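A closer look at the structure
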There are 2 protein chains.
Amino acid sequence: MLTIRDIAAKAGVSVSTASRALNNNPRISQATRERIQALAEAEGYLPNYNAKNLTAGEANAVGVVFPTADHSQPENPFYIDLLRGINSQLTQRHYVLSVAISKTADELLENVKSMVAQGKIKRFVLMYAHHDDPIAAFLRQQKLRFVTIGQPDDHPSDYFVDNDNLEAGIGGATYLLDQLHVKHPVFVESSHNWAYEQQRRQGYERVAATFNVEPLTCKLGELNRVRLFIKQHPEIDGIMATDDFNAIEFYRLVREQSAVKHFPIVSFNHSLPEGLTDANLHSINLFPEKMGSATVALLFSDREPLATPTPGRIKIPYEIK
Amino acid sequence: MLTIRDIAAKAGVSVSTASRALNNNPRISQATRERIQALAEAEGYLPNYNAKNLTAGEANAVGVVFPTADHSQPENPFYIDLLRGINSQLTQRHYVLSVAISKTADELLENVKSMVAQGKIKRFVLMYAHHDDPIAAFLRQQKLRFVTIGQPDDHPSDYFVDNDNLEAGIGGATYLLDQLHVKHPVFVESSHNWAYEQQRRQGYERVAATFNVEPLTCKLGELNRVRLFIKQHPEIDGIMATDDFNAIEFYRLVREQSAVKHFPIVSFNHSLPEGLTDANLHSINLFPEKMGSATVALLFSDREPLATPTPGRIKIPYEIK
DNA sequence: CTGTTAGCGCGTTCAC
DNA sequence: GTGAACGCGCTAACAG
């Protein structure tokens with residue numbers, strides 16, 4: 001294995017000079033710095049990160065924490081795209097992505113704790129934003145850097161990356177009413193009262209007010225209750241849902257009762273493969289990969305100041321397709 | 001931070017004795033070994049894995065490689081479950097799960113290479129099994145340990161974990177014909193010719209022969225071709241598909257042409273949320289979490305010999321629900 | 001600007 | 001059975 005001593009020897013300098021040159025230490029002259037970097041490049045030298053980590057006291061790894069199934073739906077493709085966005089940025093920084101994923105919250109916390117204690121991981125991404133999250137609490141207490149996906153409403157000073165869900169709700173509802181000519185839209189959400197759902201609903205309600213239509217909301221859950229809801233609202237001619245899956249589930253129940261023709265749907269996440277449904281589905285793309293990239297930018301903003309107007313929180317735009 | 005010197009001091013022994021005691025070195029007497037381990041436990045000592053990795057020349061991390069989108073569908077929830085199964089085993093071994101995920105195969109290979117060169121990761125899981133995979137080739141050449149998910153038909157000596165897709169195909173088809181009383185089943189597969197699809201199809205074909213029904217297969221792809229296929233086969237009264245998504249896509253096209261009543265479906269992976277479809281869907285559970293656990297067992301079988309009859313390949317059973 | 005030295009925390013010689 | 005000393009590869013403190 002090629003070590004720093006080897007390239008120091010070949011360059012005819014001491015090890016520390018080589019080290020400084022490779023790490024762009026300003027105390028090294030431009031000339032020798034470039035010479036050594038070129039040599040290292042030519043020789044194919046790669047630093048040993050285990051050694052680097054030992055001296056740095058910090059691993060070149062970011063812990064990425066999945067939500068548990070009771071809190072969210074970790075199976076959602078959204079998370080895979082997010083992962084990809086995060087990883088693309090991490091590899092550029094020579095960081096590695098370590099995941100913490102588990103069925104129970106307790107195991108998950110143990111997972112994170114051992115990452116911190118034994119592995120010296122000091123930066124984390126929580127792919128969710130929950131109230132009273134024990135993992136966030138632990139990271140805060142240890143004064144470790146972390147960024148959440150979604151706005152953590154109980155800890156406003158945390159770093160987070162989010163979509164502007166309110167605006168996306170407005171955009172989606174406007175599209176549904178204006179472009180798709182729906183007269184009696186229903187807003188469909190899960191039974192979980194997640195923050196992003198509420199924000200999207202607010203957007204919907206605002207637009208409804210503008211268009212002078214009565215806002216109507218249905219929470220999913222017990223099937224017969226939803227069926228009854230649909231029976232009581234035969235006027236519904238379009239859906240806005242918080243999620244593709246929710247949209248399809250509701251739509252299916254509508255179709256059970258009547259074969260409608262014109263029935264546009266606007267929902268979020270773009271998470272269903274093409275051809276899976278005959279619904280007229282317009283899914284709002286929230287660019288999970290971009291969110292992942294932005295997350296990493298925020299996570300490293302202590303080293304690489306970012307150019308955004310609002311440091312600490314980044315909003316990713318959306319797109320209706 | 002509590003180091004090994006601290007607990008050596010508290011135990012009144014030298015550092016090396018402490019180290020040996022903690023690593024169960026037989027040269028240490030049972031008594032002192034237990035005493036020191038108990039002390040370390042009590043004091044909450046945790047070894048620094050960065051230091052450990054440096055001396056060991058190997059990181060306590062396993063690289064887990066996602067397929068690229070052109071080869072498979074990384075968004076499939078299957079992979080999340082697999083991840084969870086892998087991680088649960090890794091945490092027990094004080095290992096960390098590092099993912100490699102990328103859009104392009106080139107980037108992915110770079111990702112893996114830097115994990116090896118810089119991070120000293122020496123064990124990998126490929127969550128796929130492709131022909132002529134450059135990553136597998138690289139790992140082989142570097143003589144690193146890796147396990148693939150699915151049988152790599154071009155390199156029979158590789159380690160892999162798989163389902164018995166043939167048997168699952170037989171079981172599923174039997175269930176469809178015998179329990180669900182389908183007379184004219186069609187086998188639906190993707191256009192990719194993946195190995196596991198062919199194996200499942202073989203199972204289907206065998207059962208078809210037994211039941212004296214003509215085997216019928218439809219590859220998905222161009223919609224109008226599939227529509228034509230359906231039109232030409234009005235006798236079809238049940239589906240066996242290689243995947244829940246494929247099943248639903250085909251079923252939708254069937255429904256386009258006629259409102260059928262009794263139309264059972266058997267497919268694989270159990271990857272759709274409940275309530276998403278009104279199809280009579282029986283999805284075969286392949287226990288991805290179990291596959292993940294087995295994968296790790298295989299990956300560490302050099303250290304912890306496994307009790308399976310066929311070392312090198314593990315088959316996970318299936319379940320029809 | 002550059003070289004010398006001393007650790008980082010651990011496992012592992014090699015002596016006793 | 002136990003301890004002292006060294007080295008893993010690299011960075012940082014102290015020199016010059």
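What you are looking at is a predicted structure, and each value in this text was computed from that prediction instead of being measured. (Residues numbered from 1 in each chain as written. Chains lettered and ligands numbered in written order. Predicted model: local features only at pLDDT ≥ 70, side-chain atom pairs only at ≥ 80, totals over all residues. Heavy atoms only, no water.)

1. A word on the environment of Glu43(B)
Residues and elements named next belong to chain B. One can find Glu 43 in helix α3 (residues 30-43). On the accessibility criterion, Glu 43 (33% relative accessible area) is partly exposed. Along the sequence, Glu 43 and Ile 236 sit 193 residues apart, while their C-alpha atoms lie 69 Å from each other. In this structure Glu 43 touches Leu 2 and Lys 10, once residues within four positions along its chain are discounted. (Helix = DSSP H or I, 4+ residues; strand = E, 2+ residues; numbered from the N terminus. Buried < 20%, exposed > 50% of the residue type's maximum accessible area, 1.4 Å probe, protein only. Contact = heavy atoms within 4.5 Å.)

2. Quick look at the protein's contact with DNA strand C
Taken together, 26 residues lie near DNA strand C, and Ser16(A), Thr17(A), Arg27(A), Ile4(B) and Tyr45(B) sit nearest. The sugar and phosphate moieties of DNA strand C supply 55% of its atoms located within 4 Å of the protein. Here a phosphate oxygen of DNA strand C and a side-chain polar atom of Thr32(A) are 3.2 Å apart. Contact between DNA strand C and Ser19(B): a phosphate oxygen at 3.0 Å from a side-chain N or O atom of the residue. Those elements giving two or more residues to the surface near DNA strand C turn out to be α2 (15-22) and α4 (49-56) of chain A together with α2 (15-22) and α4 (49-56) of chain B. At four residues, α4(B) tops the list of elements feeding residues into the surface near DNA strand C. Grouping the constituent residues of the surface near DNA strand C by class yields nine nonpolar, 12 polar and five charged. (Near = heavy atom within 4 Å. Polar contact = N/O pair within 3.5 Å; in protein donor to acceptor, adjacent residues only side chain to side chain. Nonpolar A, V, L, I, M, F, W, Y, C, P; charged D, E, K, R; others polar.)

3. A word on the protein's contact with DNA strand D
In the region of DNA strand D, 27 residues are neighbours, and Ile4(A), Ser19(A), Tyr45(A), Thr17(B) and Arg27(B) sit closest. Protein-proximal atoms of DNA strand D, defined as those within 4 Å of the protein, fall in sugar or phosphate at a share of 61%. At 2.4 Å, a side-chain N or O of Arg27(B) approaches a base oxygen of DNA strand D. At the level of elements, α1 (4-11), α2 and α4 of chain A together with α2 and α4 of chain B are the ones that each hand at least two residues to the surface near DNA strand D. No other element matches α4(A), which puts four residues into the surface near DNA strand D. Partitioned by chemical class, the residues of the surface near DNA strand D number nine nonpolar, 12 polar and six charged.

4. Here we look at empty space enclosed by the protein
Where empty space is left in the structure can be found by rolling a water-sized probe over the atoms. This structure, assessed with the given rule, holds two cavities of 30 Å³ or more. The computed volume of the largest cavity comes to approximately 240 Å³. Every residue lining the largest cavity is counted, 20 residues in all, and those nearest its centre are Asn60(A), Ala61(A), Ala59(B), Asn60(B) and Ala61(B). Broken down by class, the residue content of the lining of the largest cavity amounts to 10 nonpolar, 10 polar and no charged. When its volume is computed, the second largest cavity comes out at roughly 70 Å³. What lines the second largest cavity is Ser114(A), Met115(A), Gln118(A), Gly119(A), Tyr49(B), Asn60(B), Thr91(B), His94(B), Tyr95(B) and Val96(B). When grouped by side-chain class, the residues that make up the lining of the second largest cavity number four nonpolar, six polar and no charged. (1 Å grid on protein atoms, 1.4 Å probe; cavity = no way out; pocket = protein on both sides within 12 Å on 5 of 7 lines; lining within 4 Å. Points joined across faces, edges and corners; volume = space filled by probe spheres on them.)

5. Some remarks on the domain arrangement of chain A
Taken domain by domain, chain A consists of domain 1 (4-47), domain 2 (61-163 + 289-316) and domain 3 (165-285). When each unit is reduced to the centre of its C-alpha atoms, the spacing between domain 1 of chain A and domain 2 of chain A is 35 Å. (Domains from an automatic or database assignment.)

6. Notes on the interface of chain A and chain B
One frequently used descriptor of interface size is the decrease in accessible area upon assembly of the parts. The interface is formed by 47 residues belonging to chain A together with 47 residues belonging to chain B. Carbon and sulfur atoms supply 61% of the area that chain A and chain B bury against each other, a total of about 4,300 Å² over both sides. Among the residues chain A hides against chain B, the three largest losses belong to Asn50(A), Arg84(A) and Gln118(A). Together they make up 17% of the total. Inspection of the region where chain A meets chain B yields four salt bridges. Across the salt bridge formed by Lys103(B) and Glu289(A), the nearest N and O atoms sit 3.1 Å from each other. For the pair chain A and chain B, the interface holds 12 residue pairs in polar contact (both at pLDDT 80 or more). Taken together, the elements giving at least two residues each to the side of chain A that touches chain B come down to α4, α5 (77-92), β2 (96-100), α6 (105-117) and α11 (244-257) of chain A. At seven residues, α5(A) tops the list of elements feeding residues into the side of chain A that touches chain B. The residue inventory of the side of chain A that touches chain B, partitioned by class, reads 22 nonpolar, 14 polar and 11 charged. (Buried area = accessible area lost by both parts, 1.4 Å probe. Salt bridge = Lys/Arg side-chain N within 4 Å of Asp/Glu carboxyl O.)

7. Structural notes on the pairing of strand β11 (residues 313-316) of chain A
All names here are of chain A. Of the two faces of β11, the one lined by Ile 314 and Ile 316 is fully buried and the one lined by Arg 313 and Lys 315 carries no buried residue. As defined by bridge partners, strand β5 (residues 159-163) adjoins β11 across four bridges and the pair is classed as parallel. When the sheet's bridge partners are listed, Phe 160 is paired in β11 with Arg 313. (Pairing = 2+ DSSP bridges.)

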